[in-house]
Amino acid sequence: MRKGRLIFKIYREIHALEPRALPAAALQAAAVAVQPFVNILFSARLIERLTAGASFRALLPLLALALAVNLILFFLSAFLEDYSENQRRLLLSKENRRIADKLFGADCRTLEDPDFRTLLHKHTEAEQSRWARFPYFVWTTFRFLSGLFTFSISLVLLFPLLRLGFRTTGESFFERPVFLAALLGVILAMAGVILALAAHINKSYLKANEAYAELDRVFYCFLEVFGDYRTGKEIRLYKEQPLIDRLATTAILTDGEATLRRVSLHTAKTSSFVAVLGALAGFGVYWFIGVKGLLGLFPAHALVLYCGAFLQIINGIMMMANTFGKLREILPLSRIYFEILETKAQMTYGTRTFAGGAAEIEFRDVSFRYPNAASYALRHVNLTLHAGESLAAVGRNGSGKTTFVKLLCRLYDPTEGVVLLNGHPLPEYTKESLEALYAVVFQDYTVFAVPLADNVAASETADRARLLDALEKANLLSRVQALPNAERTYMTKTLDEAGVELSGGEAQKLALARALYKDAPVVALDEPTAALDPKAEAEIYRRFHTYVAGKTAVYISHRLSGCAFCDRIAVFDAGALCELGTHRDLLRQNGKYAALWNAQAQYYLDDDTHGKSD
């Protein structure tokens, strides 16, 4: 995308997100640009009256007016500065909201794609390390407009002098129009040099900042881990502090400091060169104005006016040049924003709806390979999960159990084959139908920093009767009723100092209550209780199974004792469905399932469960 088109696209997006941000920046730029000229004009006017012999009393109204105008502009500028900053903050929030909406609607294939995750990381880092997001672009626009307004007002004030410079002639070089033409040429050349140097400075700064950001990322990553109470115990027990210090703190204090010093030195050199250019141009301007003044071509008060206006021209040029230099930093990061938003969903949905009732799911010759993976996670799986049936999926780590559940819930589409719901492929159904169809508890469930009721209901408007029923069935109600604000108690202390940290077992029960509250036709548990002992896990699975009786259910566990109650058991090995049957039938076959069962039997704590192996 060309720069001009991208800039226009950025302005259009900013206007769509926060329409007041750009007008506020423009008004602030106008107020800032006008301020120095007010004092220049009033100073020239005062000198004019003084040279005409005006008394101090006669100057008082002019002085009062100058003070009043300056006060008005001061308060107006302060108000516009605060207002514009608030608009930029609001713009940042809306920009984040746009990204969040994109993430909410993205499918798992997109979210787990390494390239997409890299884009997200760069976009987040732009705010944390460089503030190079849309608010920064608005601020840069403000700076550019300030320079443009300053330059334009200066030209208007200097027009009589420029006209005079091209019309009058004299004996010396400095009295001729060619001197003014040469001076303007030098100023334009200086503007070009400043533009090139500003671009070069910002390019170097961006490159160095990216190098520093890598170190910064490592530092804060380790800092977060070190300060987390959940990992702090292990760090202190194994005395991992020196390792973290070497990898993070030392690196940012040595390599990071060297990077910043190199950038600072380079910036100082180029800035000094720009300052020398500005001084030379200013010297030429003063020489030109002085020559014309000595020739008596304009009165004394105009000298103040012209000198001030010429210096403001240089100031305006430098502001605009620096703005163009910032584009090297802004535009690439803006492209990342649009790349994120324009990433196409890889899953499509149909118009068929699931109205409730029986839900039969069939895997028909299903194979699946994760993006960029070399081998298949599942191969040629054929299985029908009948309506109201309970199925246990068991097998060793990496056998394909979790992948089976992901395909069941259509978090992914099969690489080969098809998954059907009541005889129709899942992609034929609407997204809303499929989202309402499943209640799944994965092993990496989340407890959000919101009230417990909102955690369970996934909403701020929980049905209290359903909520209490779900908590009771999950064996969590008594614990919740003992909390300071019962079900309205915040989870964790992230958003509320009075928040409560649930134990691991209580958090697992909360995740189960969430699934029970949803009351979906198809439920699945993907080892959410893996941290519990076999007896406790088996008890929770049986209890949960009792409350979802009549629903289509899938249970995943490494511990076979916890799933022996299921109608059928699917045994996965190396991505293949190698055995399928009841607990007793599979034991009689003396195959993979029997081998796993016998290997685990010595650890079973429930005598009744153990007895089922007979």
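Residues numbered from 1 in each chain as written. Predicted model: local features only at pLDDT ≥ 70, side-chain atom pairs only at ≥ 80, totals over all residues. Heavy atoms only, no water.

The protein goes by ABC transporter ATP-binding protein in an unreviewed UniProt entry, where it is assigned to Candidatus Fimenecus excrementigallinarum. According to the UniProt record, the Subcellular location (unreviewed entry) comment for the protein reads "Cell membrane". (UniProt positions renumbered as here; feature names shortened; annotations may be inferred.)

(A) Local environment of the packing of helix H1 (residues 3-17) against helix H3 (residues 56-105). Put simply, H1 and H3 touch, their axes get as near as 9 Å, and they point 100° apart. The orientation of H1 relative to H3 falls into the category roughly perpendicular. Between H1 and H3, the residues in contact are Glu13, Ile14 and Leu17 and Leu91, Lys94, Glu95 and Arg98, respectively. Residue composition of the contact of H1 with H3, by class: three nonpolar, no polar and four charged. (Axes fitted to C-alpha atoms, helices over the stretch in contact; angles between N-to-C directions. Helix = DSSP H or I, 4+ residues; strand = E, 2+ residues; numbered from the N terminus. Parallel < 35°, antiparallel > 145°, perpendicular 65-115°, else oblique. Contact = heavy atoms within 4.5 Å. Nonpolar A, V, L, I, M, F, W, Y, C, P; charged D, E, K, R; others polar.)

(B) How the structure looks around the packing of aromatic side chains. By the definition in use, this model includes 14 aromatic pairs. Ring centres of phenylalanine 404 and phenylalanine 572 lie 5.3 Å apart, and the angle between their planes is 45°; on these two criteria the pair is classed as tilted. Taken together, the residues span a long stretch of sequence, with phenylalanine 404 in helix H11 (residues 401-408) and phenylalanine 572 in strand E9 (residues 568-573) at a distance of 168 residues. Assigned by exposure class, phenylalanine 404 and phenylalanine 572 land together as buried. Connected via pairs of aromatic rings, a cluster forms that spans Phe134, Tyr337 and Phe338. (Phe/Tyr/Trp six-rings, centres within 6.5 Å; stacked < 30°, edge-to-face > 60°. Buried < 20%, exposed > 50% of the residue type's maximum accessible area, 1.4 Å probe, protein only.)

(C) Layout of the sheet that holds strand E4 (residues 416-421). Strand order in the open sheet made by the four strands is E2-E1-E4-E5, with antiparallel pairing throughout. The open sheet has two free edges, formed respectively by strand E2 (378-385) and strand E5 (424-425), since each of these has just one partner strand. Its contacts with the sheet place H11 against strand E1 (361-368), E2 and E4, and it is angled at close to 120° to E1. (Pairing = 2+ DSSP bridges.)

(D) Region of interest: the layout of surface pockets. Roughly 1,700 Å³ of volume is contained in the largest pocket. Forming the walls of the largest pocket are 42 residues, and the residues nearest its centre are Cys108, Leu411, Val440, Phe442 and Lys518. Elements supplying a minimum of two residues to the lining of the largest pocket: H3, helix H4 (108-111), H11, helix H12 (431-437), strand E6 (438-442), helix H13 (452-457) and helix H16 (504-518). (1 Å grid on protein atoms, 1.4 Å probe; cavity = no way out; pocket = protein on both sides within 12 Å on 5 of 7 lines; lining within 4 Å. Points joined across faces, edges and corners; volume = space filled by probe spheres on them.)

(E) Highlighting the nonpolar core. Core analysis: the biggest nonpolar cluster contains 47 residues, and Leu452, Val456, Leu471, Phe544, Tyr555 and Tyr593 have the highest contact counts within it. Of the residues forming this core, the biggest block, seven residues, is contributed by H16. With residues up to four places along the chain from it excluded, the contact list for leucine 471 reads Leu452, Val456, Leu476, Leu477, Val480 and Ala513. Leu383, Leu407, Cys409 and Tyr438 belong to the second-largest nonpolar core, a separate cluster that totals 32 residues. (Core = buried A, V, L, I, M, F, W, Y, C linked by side-chain atoms within 4.5 Å.)

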